[in-house]
Amino acid sequence: GGEGVVRVHSDAALAVARAMGGVWATLGVFRLVPPLLRDGVYRFLARNRYRWFGRRDACRIPDPEVGARFLD
């Protein structure tokens, strides 16, 4: 489901969370929030993420156990 569909902002983030499954899929409840409000929160988080979580000079290379969870 959803292949070939373009999603942006909070819709994209919620689609990724749903695809991840488990506890992440429960974030789908936020689809009940109007998109204008959801996207405002999304933009606020996007603007501040580096301030809160820092920035890396290079991408992290996952160990083999984590790497096995990525698609080929």
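Residues numbered from 1 in each chain as written. Predicted model: local features only at pLDDT ≥ 70, side-chain atom pairs only at ≥ 80, totals over all residues. Heavy atoms only, no water.

Visitor: What's the story with the packing of aromatic side chains in this structure? I'm lost.
Guide: Note on aromatic pairs: each is described by the distance of the centres and the angle between the planes. According to the stated counting rule, one finds 2 aromatic pairs in the structure shown. For the ring pair Trp52 and Phe53, a centre distance of 6.5 Å and an interplane angle of 90° mean the geometry is edge-to-face. Taking relative accessible area as the criterion, Trp52 reaches 42% and is therefore assigned partly exposed. For Phe53, a relative accessible area of 70% gives the class exposed. Chaining the aromatic ring pairs together yields one cluster made of Phe44, Trp52 and Phe53. The lysine or arginine in question, Arg49, covers the ring of Tyr50, its NZ or CZ lying 4.7 Å from the ring centre. Seen from the ring of Tyr50, Arg55 lies directly overhead, with NZ or CZ sitting 3.8 Å from the centre. (Phe/Tyr/Trp six-rings, centres within 6.5 Å; stacked < 30°, edge-to-face > 60°. Buried < 20%, exposed > 50% of the residue type's maximum accessible area, 1.4 Å probe, protein only. Lys NZ or Arg CZ within 6 Å of the ring centre and 35° of its normal.)

Visitor: Sorry if this is basic, but what is going on with helix H2 (residues 35-53) here?
Guide: Each full turn of the α-helix corresponds to 3.6 residues, which orients residues three or four apart in the same direction. Here H2 spans 25 Å end to end across 19 residues, near enough to the 27 Å set by a 1.5 Å rise per residue. The largest bend along H2 reaches roughly 40° and is located at Arg47. The set of residues buried in H2 consists of Arg38, Asp39 and Asn48. Those residues of H2 that are buried are in contact with helix H1 (9-20). (Helix = DSSP H or I, 4+ residues; strand = E, 2+ residues; numbered from the N terminus. Expected span 1.5 Å × (residues − 1). Bend = angle between axes of the 7 residues up to and from the residue. Contact = heavy atoms within 4.5 Å.)

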